[in-house]
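# Fold and contact review
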Amino acid sequence: MDHVITFHSTHHAIKAEKRLKTGNFKIELIPTPREISSECGFTILIKNSESQSLAIFLEEDNLLFDQIYKINENHGEKRYEEID
Amino acid sequence: MIYLDNAATSFPKAPGVPEAVYDFLKNIGANSGRSSHSLARKASSIVFETREKLGQLFNVRDETRIIFTSNATEALNTTIMGLVKEGESVITSSMEHNSVIRPLRVLESANDVKLWKIKSDKFGNPDLKDFDQLLKKKPNHLIFTACSNVTGTIFPFEEMAEKAKKIGANVILDASQIAGFIPIDFEKSAFDVICFPGHKSLLGPTGTGVFILKEGVDFTPLKFGGTGSRSHLEHQPEFLPDKFESGTLNIAGIAGLNKALEFIEETGMDNIRFQKGNLTNQLIYGLQQFPDLEIFSPIDSKIQAGVISIVPHNMKLSQFTYELDRKEIAVRMGLQCAPLAHQTIGTFNYGGTIRITPGCFNSKEEIEITLELIADIMKK
């Protein structure tokens, strides 16, 4: 499953990018998808990830983020589901 | 050219600083915190890394509380104008630079702010008994310099901040002359805000400044605008650093500062202070040999940051400076943007002093040559 994480500020996005890389997540910085609202221009896409382990990693590392979304793909259409 | 005007801005800059500025302008050039393309990401990374390095150097737990400005003056103005409210009272020193005293004077006349100045001796040392007396008046703020830009006098700024904090005052420190020269542990300190430039002892480019906020310290910014965040809203974001960083940053300058911070970390502030201290002692010793030259700076290196103010009594300041200029020695004559300090040490009526400020990249030989040239000038 792919996920995206949104952030309040670029500073937090870059910080999370660096930390997630050390956690062996497959990540990419992408422009924030139009379907979801975001505070800053950057969003992190995490490929083949599991919602729970991602949330645990972010929490343990004290990384400030805005929202995690799970990407559900249906007939080529992406839907972003908020994760609590 | 022998450059001895480091209190105005350091020169040369740390190794690699000009190249880092050039590299940014030539190969990256994009804006930070806004777009998501690779050049914009590189620009954002530079800003991010520089903030992290500052956080390490000054021991700041949360780097988002480190705000970039264009200089220390902007940092001080933002903080002073934001933090001091109508009718409140402020203790300041008698050695302040105009970047502190001018905003305070504005608040005094426009917002009925009360201003109390700590007395100083003729070498710029604050009178700590007078300071204790003033604290009894329960001021709302202590806003003061860590070190005079005229005499190089280093204040016992940490103890003073602790005392002020004990009576509940906010403490704003102007660390312009010491940031990069004397270590500050921000988290352990009693400062609510510290302000400093990136281009003096931090050895970075001009056009860079910083203020750092303690957790819980908050006020209204001086400027509002585009931050690259919350762009769907017409209201300024409340989170840091965006709240205080409207408009495009001086990323080229920050790239240079990033490199400079790397140099300071590798070299160590203690080594920088030792090197500059030796040059300052050599300079002071040499200047003491001229009976017609008066030194207005403390000569004890424990309370001296390498800023030596002198007045020749056998010729005009302008004549003396002209002779030095002709011989390619760069010093600064006049009031150094600190009329209050000159009034305090008694040099205002001379039109100020000649200020000689070595940097960590000067050599013993350069100080020797300078002293020889001064000897020539004094003979005339």
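Note: the structure precedes this text.
Residues numbered from 1 in each chain as written. Chains lettered and ligands numbered in written order. Predicted model: local features only at pLDDT ≥ 70, side-chain atom pairs only at ≥ 80, totals over all residues. Heavy atoms only, no water.

Take the interface of chain B and chain A next. In this assembly, 22 residues from chain B lie in contact with 16 residues from chain A. When chain B packs against chain A, close to 1,500 Å² is buried across both sides, 57% of that on carbon and sulfur atoms. Contact with chain A buries surface across chain B, with Ser36(B), Arg41(B) and Phe48(B) losing the most and accounting together for 35% of the total. Here Lys18(A) ties to Glu49(B) by a salt bridge, and the two come within 3.7 Å at their closest N and O atoms. Connecting chain B to chain A are three residue pairs in polar contact (both at pLDDT 80 or more). Split by residue class, the side of chain B that touches chain A holds four nonpolar, ten polar and eight charged. (Contact = heavy atoms within 4.5 Å. Buried area = accessible area lost by both parts, 1.4 Å probe. Salt bridge = Lys/Arg side-chain N within 4 Å of Asp/Glu carboxyl O. Polar contact = N/O pair within 3.5 Å; in protein donor to acceptor, adjacent residues only side chain to side chain. Nonpolar A, V, L, I, M, F, W, Y, C, P; charged D, E, K, R; others polar.)

What follows concerns helix 2 (residues 51-60) of chain A. Residue and element names in this part refer to chain A. Taken as a whole, helix 2 has its buried residues at Ser51, Leu54, Phe57 and Leu58. Mapping the buried residues of helix 2 onto a view down its axis gives an arc of 135 degrees, with all of them on the same face. Along helix 2, the residues that are exposed and aim more than 90 degrees away from the buried face are Gln52, Glu59 and Glu60. Where helix 2 is buried, its residues contact strand 1 (2-6), helix 1 (10-22), strand 3 (42-47), strand 4 (67-74) and strand 5 (77-83). Positive phi appears at asparagine 62, one or two residues downstream of helix 2, with a value of about 60 degrees. (Buried < 20%, exposed > 50% of the residue type's maximum accessible area, 1.4 Å probe, protein only. Helix = DSSP H or I, 4+ residues; strand = E, 2+ residues; numbered from the N terminus. Arc of directions from axis to C-beta.)

All right, on to the packing of helix 1 of chain A against helix 2 of chain A then. All names here are of chain A. Interaxial distance between helix 1 and helix 2 falls to 11 Å at its minimum, and their mutual angle equals 120 degrees. Handedness of the crossing formed by helix 1 with helix 2: right-handed. Here Arg19, Leu20 and Thr22 of helix 1 lie close against helix 2, whose contacting residues are Leu54, Phe57 and Leu58. For the contact of helix 1 with helix 2, the per-class residue count stands at four nonpolar, one polar and one charged. (Axes fitted to C-alpha atoms, helices over the stretch in contact; angles between N-to-C directions. Left-handed = near helix turned anticlockwise from the far one by under 90°.)

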